[in-house]
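# Summary of the model geometry
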Amino acid sequence: MTSSLSRDLIFLILQFLDEEKFKEALHKLEQESGLFFNFKYFEDLVLGGNWDEVERYLSGFTRVDDNRYSMKIFFEIRKQKYLEALDKLDRAKAVAILNKDLKVFSTFNDLFKEMTQLLTLDNFRENEQLVGYRDTKTARAIMLVELKKLIEANPLFREKLQFPTVKNSRLRMLINQSLNWQHSLCPNPRQNPDIRTLFLDHSCRNSNDSFARLNGNNQLMCSVLKADSLLPISSNGPFQSLTPPVQTPLSIWMSIPSTASHPAVSAAANGSGFGFLGNPAAIPKGPGESSDGTYKMTFSGASDRIMLPGSNAVQSGIIDEFPKTVARTLNQGSVPTSMDFHPIQQTLLLVGTNVGDISLWEASSREKLVSRSFQVWDIGTSSILSKAALVKDPSVSVKRILWTPDGNICGVAYSKHMMQLYRYHGGNDIRQHLEIDAHVGSVNDLAFCNPNKQLCAITCGDDTTIKVWDVATGAKLYAFEGHAAPVYSVCPHNKENVHFVFSTSIDGKIKAWLYDLAGSRVDYEAPGRSCTTMAYSADGKRLFSCGTSKDGESHVVEWNENEGSVKRAYQGFHKHSSSVVQFDTTRNRFLAVGDDYSIKVWDMDNVNLFTTINAEGDLPACPRIRFNKDGTLLAVSANENRIKILATADGVRLLRTYDSHSLVASRVASETLTMNGGTRNLDDAKTRSTEESNAPRLWRLTEISKAAQLRSLRLSPTVNIDKISRLIYTNSGTSILALASNAIHLLWKWLRTDQNLSTKATTKAAPQLVQPTSGMLMTNDLTNSRPEDAVPCFALSKNDSYVMSSSGGKISLFNMMSFKTMTTFMCPPPVATFLAFHPKDNNIIAVGMDDSTINIYNVRVDEVKKKLKGHSKRVTGLAFSFLLNTLVSSGADAQIVSWNSESWEKQKSTSLQIPSGRSAAVLSDTQVQFHQDQTHFLVVHETQLSIYEVAELKCIKQWVAGESSSPISHATFSCDSQLVYTGFLDGVISIFGAANLQERCQINPTAYLPTNVSGMVFPQVVAAHPHEPNQFAVGLTDGGVVVLEPPEAEGKWGLPLPPPPSAENGLPTPVAASGSDQHQC
């Protein structure tokens, strides 16, 4: 046997040991052979703190001194073991670990000396580098993430982290084939041979047996065996003829319980468990599988291939039933990844995107009713692995978004561990219901079912499992295990009161489950072993699947459920696809697939492509598609983060009907509003836009001058401060952090009360000013600072644990829980003027300086990695786009520059256009902030608000303050990027719609300032709540902070205008606002 075959044999033995649950022997063979590194087993050892076994298992693959990756792996493990001993105050054990395990690193790692010094501390957390050490479980989980990266990068582990793709029970099958061959050589083969051992070759001893010798072409035996025995023929059992792998008909497995005892082994067809037929020739083959094991498309006969009549009139009548007219276009703002129409209010469209946002659209009026960004609702109940994954990489996308059949609940499956359920109460009222840490890794699909008159959610994920959850309580009811690869989709259904669910995995396997713990009932292979989704027709009578293989070949087929085989394979895919194509069914008649920059349509009864629709062009290569319940509307994802709504004639009428009940775009009359201290004419505000098509809804400008017209809450400090220079909500939305001009930080935190059970920031309950018992304040280092040069700035880490801050002196790093200064760095000059954490690495910060440079600083190694030069005056704004790997900077020179955040190379630059006849201050700050879609950003200057797109640094929208208007002090997007909250030096706060920079609402100082205020007080800085789009806070020049919300009865800022007369086609006619100059940026 060659070394290659020996290697394969070891893998088959590993598979056998795993199937038989000989776990100790399995992991011992993994370690001794060094062929397969089982990271799941390694993960369990690390999280369990079984350090001796961790190193013993590693020793089969690498040694400490093999390379720098190996050295780092062993160092991290032994360091953790050492810290745990110190944490338990076991000094003797810590000294032993230091001398025995860590001493080997003394000549290679400077940290050894520092670790020795930890023995002198009462609490090792007093060390500045370890102040963030929280508890053993969290530390192990965080270390595990680092170890995984080191192992994947280590060349010694190359090709050892992935188990070869091998069919289940491969070793059993090979043994069976050997016995079949031996039996075929018997002079007088028995029909029921008595095989009792594998130690000797088999031979039928009775030469007088009356059974005839098997024909040479029919001598193969059954290769699929019972899961609970090595051979089904071991105890005088019937010796069965070999047939191709059996695919059990749905009609059989629905009614017969499974006998599988081990869910990791594919359930096999046999006489007792799967309705095995007596006649081998009658056993149905797998979908599209021929007797020789090769894949062939199969059809049940000519009657299944009915051609549509060729008459143009007939063709026209049929195509009119399919939505093909582009009736609406929605600007989502980020790439749609999943969509679903409400089952009852069929113009309501739920959308999930690639940045984790969810939105609810009223398609008829093009209004975005609800927008939510991804946020863990209760981080305390999340698993350690979930926390570690989100801390390391916060980027999250929506994998599936779906309504329940009654439309009262919607579910969202995310690419990181989580499923969230919302309750829908109509309109824009959508409320949090349940959050479930569902899977390790991505939650790939979500569906709803009602197996026991109990509404349940079904999820599947990268951890190869399918789970069933009680929607009311969040309790896990079932967990199905049996797939060998990440599970890609689920499809629940019921027939004759039997409830079941299909699941598909990325390796092309299709399994079916009943709601019990007996394992999978069938094991099919999708055509082309494609990554597949399954769906029933609307009447539940026909089953279809659609998918794309690794080679880019796409397949759409209809299944014969009675035979477990492919009934039809639809034709029309001519090009390889770069991603998995999506499909949907409608009206029990049409199949639609997003492919090749278009929508391909088939009649269910005809395998030939019926028609192709390009939806007026501009579709991505594989657009996402979704029908409404009646099939009159079709949502299609388009380029530039848009969604096109295609409609039939009935669909257009449906949109008009709902549109007539909603407020639509109208004319804004020129008017002069009387305000506190004078007047501001709308002619002073010039709105410019280059996007005239699909004009957003226009709003009546609402003036608020009285406290009764809004909800407000003033937060006052207990220490003497001058003005608030910087302001931010924590990412959890439960606290507000302010930096005063005298370098003192103030933290207000909302506690749980009867008025505020959620602990989120609100105007209904007053927060508590947080101050440690020590009386310590977070105060910036002012050594070598010059007040005239000071530009206070700070940045908050994504997990709210640390704040980086400067007030003209050194940059300070504070622990948000203890208020302790962890470290200081970058002694001036030059002075830091703006700070921003890298979105993918909290150890990297971008520091804008008053000498016009940007320092890319690594906190961990205390080193400036790169110095960026592109401005001529101090840097006043920095913003990262994690989606585009871009850093955008702005300066007092009115320059905007984009940089590649990986190579740190300058990409483009442009100058802010100062309005003609206006002169900005010598050092007027220009701020930048990214839109939620991560491809556009807001530019704030004292003279204007502008929206730029990143790729070309092109201004696409602009609002310019009139000559009689007060300068802008600060502005920020709302959390959903639908509004822009703007403060002015005269104390007025304006709220703009981000879509067109139209002013919706003006809040006068008399509405939020006390009557006894003295001197000129105005908002120095504005901050938006991270989860509530209509809540924001302002930091004032008198040292106060005010939280503002619209009246509870209205729920949002401003009022839309009433509908105008509609055009002849029933669609709203956009009219430019009078009194405004419309022209290009």
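Each remark here, short or long, concerns the structure printed above.
Residues numbered from 1 in each chain as written. Predicted model: local features only at pLDDT ≥ 70, side-chain atom pairs only at ≥ 80, totals over all residues. Heavy atoms only, no water.

Bringing a nonpolar patch on the surface into the picture now. A cluster of nonpolar residues, Leu198, Phe199 and Leu200, forms a patch on the protein surface that exposes about 400 Å² of accessible area. Checked against the element boundaries, Leu200 lands in the loop between helix H9 (170-184) and helix H10 (250-253). The class of Leu200 is exposed, set by a relative accessible area of 61%. (Patch = residues over 30% accessible without salt bridge, like charges linked within 9 Å, V, L, I, M, F, W, Y side chains within 5 Å. Areas by Shrake-Rupley, 256 points an atom, 1.4 Å probe, with all protein chains shown as cover. Salt bridge = Lys/Arg side-chain N within 4 Å of Asp/Glu carboxyl O. Helix = DSSP H or I, 4+ residues; strand = E, 2+ residues; numbered from the N terminus. Buried < 20%, exposed > 50% of the residue type's maximum accessible area, 1.4 Å probe, protein only.)

Glancing now at the nonpolar core. Membership of the largest hydrophobic core comes to 39 residues, with the highest contact counts inside it found for Phe37, Phe42, Leu58, Tyr82 and Leu102. If we ignore the near neighbours within four places in the chain, the residues touching Phe42 are Phe37, Val54, Tyr57, Leu58, Ile77, Leu147 and Ile151. (Core = buried A, V, L, I, M, F, W, Y, C linked by side-chain atoms within 4.5 Å. Contact = heavy atoms within 4.5 Å.)

To continue, consider the packing of helix H5 (residues 68-87) against helix H6 (residues 91-102). It is the contact of H5 with H6, at a shortest axis distance of 8 Å, that shows an interaxial angle of 165 degrees. Considering their axes alone, H5 and H6 lie roughly antiparallel with respect to each other. H6 is crossed by H5, and the crossing has left-handed handedness. Between H5, through Phe75, Arg78, Lys79, Lys81, Tyr82, Ala85 and Leu86, and H6, the contact on the second element is made entirely by Arg91, Lys93, Ala94, Ile97, Leu98, Asp101 and Leu102. Classifying every residue of the contact of H5 with H6 gives 8 nonpolar, no polar and 6 charged. (Axes fitted to C-alpha atoms, helices over the stretch in contact; angles between N-to-C directions. Parallel < 35°, antiparallel > 145°, perpendicular 65-115°, else oblique. Left-handed = near helix turned anticlockwise from the far one by under 90°. Nonpolar A, V, L, I, M, F, W, Y, C, P; charged D, E, K, R; others polar.)

Across the 7 residues that make up strand E10 (residues 443-449), a large majority, 7, are buried. Bridge count for E10 against strand E11 (residues 456-461) is 6 bridges, and the pairing is antiparallel. Across the sheet, Asp445 pairs through a bridge with Cys460, a residue of E11. Taking the residues between adjacent antiparallel strands as the criterion, E10 and E11 are bridged by 6 residues, where Lys453 takes a positive phi near 55 degrees. (Pairing = 2+ DSSP bridges.)

Another aspect to go through is the side chain of Ser554. Residue position: Ser554 is located in strand E20 (residues 554-560). Judged by relative accessible area, which is 10%, Ser554 ranks as buried. In this view, Ser554 contacts Gly547, Thr548, Phe573, Ser577 and Val581; residues no more than four positions away in its chain are not counted.

Looking now at helix H8 (residues 136-153). Its 18 residues place the ends of H8 26 Å apart at the C-alpha level, agreeing with the 26 Å of an ideal helix rising 1.5 Å per residue. Thr138, Ala139, Arg140, Ala141, Met143, Leu144, Leu147, Leu150 and Ile151 are the residues of H8 that are buried. Residues of H8 that are buried make contact with helix H3 (39-48), helix H4 (51-58), H5 and helix H12 (384-392). One side-chain oxygen at the N-terminal end of H8 lies 3.2 Å from the backbone nitrogen of Lys137; it belongs to Asp135. (Expected span 1.5 Å × (residues − 1). Polar contact = N/O pair within 3.5 Å; in protein donor to acceptor, adjacent residues only side chain to side chain.)

We now examine the packing of H5 against H8. Across the interface, H5 lies against H8 with an axial gap of 9 Å and an inter-helix angle of 170 degrees. When the axis of H5 is compared with that of H8, the two are roughly antiparallel. Residues Tyr69, Lys72, Ile73, Glu76, Ile77, Gln80, Glu84 and Asp87 of H5 touch H8, and the partners they reach there are Thr136, Ala139, Arg140, Met143, Leu147, Leu150, Ile151 and Ala153. Split by residue class, the contact of H5 with H8 holds 9 nonpolar, 2 polar and 5 charged.

Strand order across the open sheet formed by 4 strands is E14-E15-E16-E17, with antiparallel pairing between neighbours. Here the strands that pair on one side only, and so sit at the sheet edges, are strand E14 (487-495) and strand E17 (522-525). Neighbour-to-neighbour, the strand axes of the sheet open up by a mean angle of 20 degrees, direction not taken into account.

By themselves these figures say nothing about function.
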